[in-house]
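# Examining the three-dimensional arrangement
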Amino acid sequence: MSVNEFQYQIDLLKALNQKLSGECNMYRTLVGTSSNAFLYISNADDKCLVMGNWELFFDLEIRNCNDIKKLFTQIREEDVEPLRDAIYIEETGGSTAAREFCKKDGKQWIECEVNVIRDDAGQPREKLLRFRDITKFKRQNDDLAYLAYYDALTGLYNRNRFVQELMRWMEKAAQEKAAVSVAFININDFRKVNDGIGVLIGDELLQQFAQFLKSLCTDETIICAHLNADAYCLAIYDPYGDRTMETLYEQIHKRLEKPFDLSGNQVTITVSVGVAEYPEAAETPLELIERAEIVMFRVKHENKSGIRYFDAPIIQDFVQTAQIERKLKNAVFEKEFLLYYQPQYDTASNNLRGVEALIRWRDEDGRMISPGEFIPIAEKSSLIIHIGEWVMEKAISTLAHWKEKFGVSLMMSINISALQFAQEGFAHHLIALIKEYDVSPKEIELEITETVLVDDFEHIIRKLELLRQYGIQAAIDDFGTGYSAFSYLRKLPVQTIKIDKSFIDAMLRDKAGNIIVESIVDMVNRLGYETIAEGVEKQEQLDYLKKIGCEYIQGYLLGKPMPGEKIEELLEDQLERQVWE
Ligand code: C2E
Ligand code: CA
Ligand code: CA
């Protein structure tokens, strides 16, 4: 080799060296700033190379350790095992795998990615391990998992978790022929606590009650959950049929005899509890919870508080209500609804005073559903407003038609629900209809029940007053079945009182019934109201009512609710009679 050639080789090596050390520096910087740690191991001689931010993971700054066995003696004892696992566990598997391990103090989660490099025979030759801190990610995951299964306010299981546990139990119960009971627990009048003392105190109550329920879960066969605001569930896994909910309820009942101390406020509560049991009541966890809830609602409405068990009539009733509700939502007014009219007669002249408009519904399947059945369901939602508006327009337009055809003056009595009457634009809408169909406001009578008056008495009175100024009449329907205090009656701007059918029924039954009706009629007359007796079915009733001075009569005896055409026939007859007289 000539000197020149030799010099050339030296320059080449220098250049190569320079390039390599430049690259080496670059990789070192890269590795050093990546916040990862790397461990290279050669399988043949257990030599290793430690790179990157080793100290972030293993507390020690080990730069020059080049033997894996020595490395194990240098790191903390508690790190040895997970590290050894990470190094050796993946040898037989694929070339890359990630595993997680948590340091013993529980504060740091490390992900270790193992890269195995194999020789031509497929034997592991070298390994590169990369360590990454995944603590933050893990915590977020844990938080999410917590939120997914636990209720943040009370720390009890949430609905999801409860349903999952029930599912597990029900599968087990099917095999073991065991039972699973679910109690749906609702705190009565919880809103009063929230509105009265404040939501923070309300939350405190929910938490304390949750803690108490938790204390009832003494072994793994009882669990509890917080479903939402004032609703909780308890479940019992019952292999022998002897762990009744009743026993737990007694404990709850006993606890509730004492008040809760909520930041110094002593608050006593009651609960409504509905119980449903697998396999009798339902097949799935959601059904089981739903049925327990239905029973709970029953308790709330009928008994106000207490415990009750699922039985067939309850569920039948519920299914029927749900069906009507669904059908009502889809009902096509002009096709499915009809308005019938029941005549009201003047006892002195035997002439028509007017008619009461009563709705009829023939559903999509052609079945007649009575208003007594569907009106209370419609009243629970805004559906009653649409129904009420349809009735009002239909009744007023019919009245206009009769006036034009027969030239008579008639009273059209229209039933108005509390929710409809409370509507902001109610009076305005009614007046607009009266103008549109050009009828006299004096011929419109709104039948309201005492439930209308419950909400905001003064406001209702102002509204009635406004309507009366315009000339529209009002009647108290079903008088005697609600509060019926004569003291408030005096304040009411109504002109008519409709005595409920139950009094008319009782009238001829005994002396007491007699006296009651007599005094109502007398009182009402003296206060200057008109009286209509409802549900008159017998001649004796009519005779007696006439005798005691009841002005108007409505009932099957003189006419059932009928289609408008039948009323037209009555009007024709009446006109003919008047011509002859
Ligand atoms: P209500 O306002 O007390 O109506 C009187 C009910 O008694 C009507 O039942 C009527 O058909 C019935 N009735 C009348 N005379 C007799 C009788 O001599 N014997 C017997 N056994 N019953 C008699 P209906 O039509 O089934 O209505 C039931 C209830 O549904 C009504 O009671 C009213 O509260 C409600 N309702 C009916 N139509 C409407 C409406 O358009 N709007 C609203 N909001 N409620 C309505
Ligand atoms: Ca009525
Ligand atoms: Ca009535």
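Note that this is a predicted model, so its numbers are computed, not measured. Along each chain, residues carry numbers from 1 onward, in the same order as the chain's sequence is written. For naming, the first written chain is A and the first written ligand is 1, with later ones following in the order written. Where local features are concerned, this predicted model is filtered to residues with pLDDT of at least 70; where side-chain atom pairs are given and counted, the filter is 80 or more; whole-chain, interface and lining totals use all residues. Heavy atoms throughout the structure, all of them, feed into the side-chain values; hydrogens and water do not.

What follows concerns the pattern of salt bridges. For this document, the term salt bridge refers to a Lys or Arg side-chain nitrogen within 4 Å of an Asp or Glu carboxyl oxygen. Summed over the entire model, instances satisfying the criterion amount to 26 salt bridges. The partner of Asp 46 in a salt bridge is Lys 69, with the nearest N and O atoms 3.3 Å apart. With a gap of 23 residues between them, Asp 46 in the loop between strand 1 (37–42) and strand 2 (47–52) and Lys 69 in helix 3 (residues 68–74) connect regions that are remote in the sequence. With a 1.4 Å probe rolled over the protein chains alone, any residue whose accessible area is under 20% of its type maximum counts as buried; one over 50% counts as exposed, and the rest are partly exposed. For Lys 69, a relative accessible area of 56% corresponds to the exposed category. The residue Arg 298 makes a salt bridge to Asp 317 at a minimum N-O spacing of 2.5 Å. Of this pair, Arg 298 sits in helix 10 (residues 285–302) while Asp 317 sits in helix 11 (residues 312–330), and the two are 19 residues apart along the sequence. Accessibility expressed as a relative area gives 36% for Asp 317, which makes it partly exposed. One salt-bridge network, held together by shared partners, links Arg 298, Glu 302, Arg 308 and Asp 317. Counting from the N terminus, the helices are the DSSP runs of H or I reaching at least four residues and the strands are the DSSP runs of E reaching at least two.

Here the term donor refers to an N, O or S atom within 2.8 Å of the metal (or 3.2 Å for Na, K and Ca), and because water is left out of the atoms, sites may appear incomplete. Protein coordination of the calcium ion (ligand 2) is provided by Glu 356 (OE), Asn 415 (OD1), Glu 447 (OE) and Asp 477 (OD), with donor distances spanning 2.1 to 2.3 Å. Read in sequence order, the donor residues for the calcium ion (ligand 2) give the motif E-x58-N-x31-E-x29-D.

Moving on: the coordination of the calcium ion (ligand 3). Taken together, the protein donors to the calcium ion (ligand 3) comprise Asp 477 (OD), Asp 478 (OD), Glu 534 (OE) and Glu 534 (OE), at separations of 2.2 to 2.5 Å. One chain supplies every donor to the calcium ion (ligand 3), and in sequence these donors are spaced D-D-x55-E. The metal-metal distance between the calcium ion (ligand 3) and the calcium ion (ligand 2) comes to 3.9 Å, with Asp 477 coordinating both. Of the two residues, Asp 477 is situated in strand 18 (residues 473–479) and Glu 534 in the loop between strand 20 (530–533) and helix 21 (539–547); the sequence distance between them amounts to 57 residues.

What follows covers the pairing of strand 5 (residues 124–133). By the convention used here, strands pair only if DSSP detects at least 2 bridges between them. Bridge analysis of strand 1 against strand 5 gives six bridges, and the strand direction is antiparallel. Looking at the pairing, Leu 39 lines up with Leu 129 of strand 5. When strand 4 (residues 109–118) meets strand 5, the two strands line up antiparallel, connected through nine bridges. Bridging from a neighbouring strand, Val 116 pairs with Lys 127 of strand 5. Count of turn residues in the strand 4/strand 5 antiparallel hairpin: five residues, of which Gly 122 carries a positive phi of about 90°.

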